[in-house]
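# Survey of secondary and tertiary structure
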Amino acid sequence: MDDLSNIGVVKDILSRHGFTFSKALGQNFLVNPTVCPKIAEMGGAAPGVGVIEIGTGIGVLTNELCKRADKVVAVEIDDRLAPVLEETLAEYDNFKLITADVMKVDLASLIEEEFKDLDVVVCANLPYYITSPVIMLLLESRLRIKSVTVMVQKEAGTRLLAKVGSRDMGAVTVATNYFSKPKLLFNVSRGSFMPSPNVDSCVIRFDIREQTPEGVTDEAFFFKTVRAAFSQRRKTLANSVSSAMGLDKAIVNNAIEESSLPPSCRPESLTMEQLALFTEALKRLTL
Ligand code: SAM
């Protein structure tokens with residue numbers, strides 16, 4: 001069905017199915033006709049490609065993905081949308097719906113079972129309440145995917161797009177830059193959604209790196225330390241890491257010294273290389 005961004009059509013479908021929006025599930029559906037074709041194109045939906053979509057809503061983006069890609073597998077948590085999608089995507093035989101919480105789906109197995117010989121990309125207008133956990137899950141699981149293209153609220157976008165070593169960065173920034181090259185594709189105004197949220201959004205593409213930065217020998221320990229480092233905003237690296245990891249401050253200070261960092265440095269001033277040096281030193285000292 002092509003006119004899923006027409007407000008009259010959307011209202012008719014929703015009322016016939018007795019559907020009411022769930023705020024808790026972040027249900028703001030896109031009703032701006034220019035946005036979904038752009039996400040599908042720029043997100044890499046094309047012949048020879050399989051797409052994982054997270055959160056279909058009534059299928060407005062799904063429709064554009066199905067038109068372009070060989071196959072689309074969507075994970076949608078709200079089972080009330082299954083009969084809606086049967087109607088709105090009836091013309092496509094390259095679509096499969098999985099009714100589940102994306103955080104509980106084994107995505108590596110899904111990719112192997114559903115997309116054997118296809119390149120795989122992820123495209124989604126993400127529910128705002130799990131933006132960072134979903135992106136971390138997609139990146140840290142080292143899935144066989146080429147890119148992740150997501151629409152997120154502007155504020156989350158600022159953190160995701162921050163440069164490592166800048167004021168806006170957080171633990172998620174380290175993960176996005178470690179596993180991918182993040183790029184802002186375009187902005188989307190709040191009026192493009194039904195119901196309209198209080199903030200604008202943006203679309204970001206993460207191109208997955210074939211090789212992650214050098215210097216990290218234990219990724220699990222690296223990210224545990226990074227999360228500890230950013231657990232208390234604006235505190236020094238020594239204070240955050242020692243309190244969040246329950247470590248003696250003297251040991252953390254030794255690791256800081258061994259990695260040639262200033263004694264009272266803050267995590268948001270460090271480069272990827274410095275974070276790697278520090279976590280390697282900390283690991284050696286805590287073994
Ligand atoms: N793609 C549609 C669009 O652009 O109009 C809907 C986007 S809406 C912002 C987010 C969608 O994600 C909703 O349909 C919601 O039910 C679904 N969702 C929320 N939490 C989810 C989860 N944990 N796993 C899978 N889908 C989820």
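Residues numbered from 1 in each chain as written. Predicted model: local features only at pLDDT ≥ 70, side-chain atom pairs only at ≥ 80, totals over all residues. Heavy atoms only, no water.

## Digging into the packing of helix α6 (residues 131-140) against helix α8 (residues 171-179)
Look at α6 against α8: their axes get within 10 Å of each other, and the N-to-C directions meet at 30 degrees. Helix-helix and strand crossings are classified by hand; for α6 and α8 the assignment is left-handed. Counted together, Ser132, Ile135, Met136, Leu139 and Glu140 of α6 and Val172, Ala175, Thr176 and Phe179 of α8 form the full contact between these two elements. Class assignment for the residues of the contact of α6 with α8 results in 6 nonpolar, 2 polar and 1 charged. (Axes fitted to C-alpha atoms, helices over the stretch in contact; angles between N-to-C directions. Helix = DSSP H or I, 4+ residues; strand = E, 2+ residues; numbered from the N terminus. Left-handed = near helix turned anticlockwise from the far one by under 90°. Contact = heavy atoms within 4.5 Å. Nonpolar A, V, L, I, M, F, W, Y, C, P; charged D, E, K, R; others polar.)

## Description of the nonpolar core
Residues Val174, Phe222, Leu237 and Phe278 are the most contacted members of the largest nonpolar core, which totals 62 residues. Here this core spans two domains, since at least three of its residues come from each of domain 1 (7-208) and domain 2 (219-286). For Phe278, the contacting residues outside a window of four places in its chain are Thr225, Leu237, Val241, Val252, Ala255, Ile256, Ser259 and Leu261. The next biggest cluster of nonpolar side chains, apart from the first, holds 39 residues, and it includes Val10, Cys36, Ala69 and Leu85. (Core = buried A, V, L, I, M, F, W, Y, C linked by side-chain atoms within 4.5 Å. Buried < 20%, exposed > 50% of the residue type's maximum accessible area, 1.4 Å probe, protein only. Domains from an automatic or database assignment.)

## A closer look at the site of the ligand
Close to the ligand lie 23 residues, the nearest being Leu30, Gly55, Glu76, Asn125 and Tyr129. Here Gly57 contributes a backbone N or O atom positioned 3.1 Å from an oxygen atom of the ligand. Protein contact buries 99% of the 600 Å² of open area that the ligand shows by itself. When residues of the shell around the ligand are traced back to their parent elements, those giving at least two are β1 (29-30) and β3 (71-76). Its residues assigned to classes, the shell around the ligand shows 12 nonpolar, 7 polar and 4 charged. (Near = heavy atom within 4 Å. Polar contact = N/O pair within 3.5 Å; in protein donor to acceptor, adjacent residues only side chain to side chain. Areas by Shrake-Rupley, 256 points an atom, 1.4 Å probe, with all protein chains shown as cover.)

## A short note on the packing of aromatic side chains
Aromatic rings in a pair are described by how distant their centres are and how their planes are angled relative to each other. Under the definition given, this model contains 8 aromatic pairs. Between Phe19 and Phe21, the aromatic rings sit 5.9 Å apart at their centres with planes inclined by 85 degrees, giving edge-to-face as the arrangement. Taking 5.5 Å as the distance between ring centres and 15 degrees as the angle between the ring planes, the aromatic pair formed by Phe179 and Phe223 counts as stacked. Pair noted here: Phe179 is in helix α8 and Phe223 is in helix α9 (residues 219-229), with a separation of 44 residues, a long-range link. The exposure class of Phe179 is buried, given its relative accessible area of 4%. Through pairs of rings, three or more aromatic residues link up here, namely Tyr178, Phe179, Phe222 and Phe223. When the ring centre of Phe186 is taken as origin, the NZ or CZ atom of Lys38, which lies over that ring, is 4.2 Å away. (Phe/Tyr/Trp six-rings, centres within 6.5 Å; stacked < 30°, edge-to-face > 60°. Lys NZ or Arg CZ within 6 Å of the ring centre and 35° of its normal.)

## Brief notes about the pairing of strand β9 (residues 201-208)
Within a regular beta strand, the side chains point alternately toward one face of the sheet and then the other, so they alternate between its two faces. In terms of burial, β9 is largely enclosed, as 6 of its 8 residues are buried. As paired elements, strand β6 (residues 147-153) and β9 share 7 bridges and run antiparallel to each other. Note that in β9 the partner of Gln153 across the bridge is Ser201. Inspection of the sheet shows strand β7 (residues 180-188) paired to β9 by 8 bridges, in the antiparallel sense. Paired with Lys181 across the two strands is Asp207, which belongs to β9. (Pairing = 2+ DSSP bridges.)

## A few points about α9
Taken as a whole, α9 has its buried residues at Phe221, Phe222, Phe223, Thr225, Val226, Ala228 and Ala229. Residues of α9 that are buried in the fold lie against α6, α8, α10 (237-245) and α12 (272-286). Capping of α9 at its N-terminal end is provided by Asp218; its side-chain oxygen lies 3.3 Å from the backbone amide nitrogen of Ala220.

## A short note on the domain arrangement of the chain
Annotation of the chain at the domain level lists domain 1 (7-208) and domain 2 (219-286). Once you take the C-alpha centre of each, domain 1 and domain 2 turn out to be 34 Å apart. Counting from both sides, the interface comprises 17 residues of domain 1 and, opposite them, 15 residues of domain 2. Between domain 1 and domain 2 lies a buried interface of about 1200 Å² when both sides are counted; carbon and sulfur atoms form 62% of it. For domain 1, the biggest contributors to the area lost against domain 2 are Arg167, Val174 and Tyr178; these three give 36% of the whole. At the boundary of domain 1 with domain 2, the tally comes to 2 salt bridges. Between the two partners, domain 1 and domain 2, sit 4 residue pairs in polar contact (both at pLDDT 80 or more). Among the elements that make up the side of domain 1 that touches domain 2, the one with the highest residue count is α8 (6 residues). When the residues that make up the side of domain 1 that touches domain 2 are grouped by side-chain class, the tally is 8 nonpolar, 4 polar and 5 charged. (Buried area = accessible area lost by both parts, 1.4 Å probe. Salt bridge = Lys/Arg side-chain N within 4 Å of Asp/Glu carboxyl O.)

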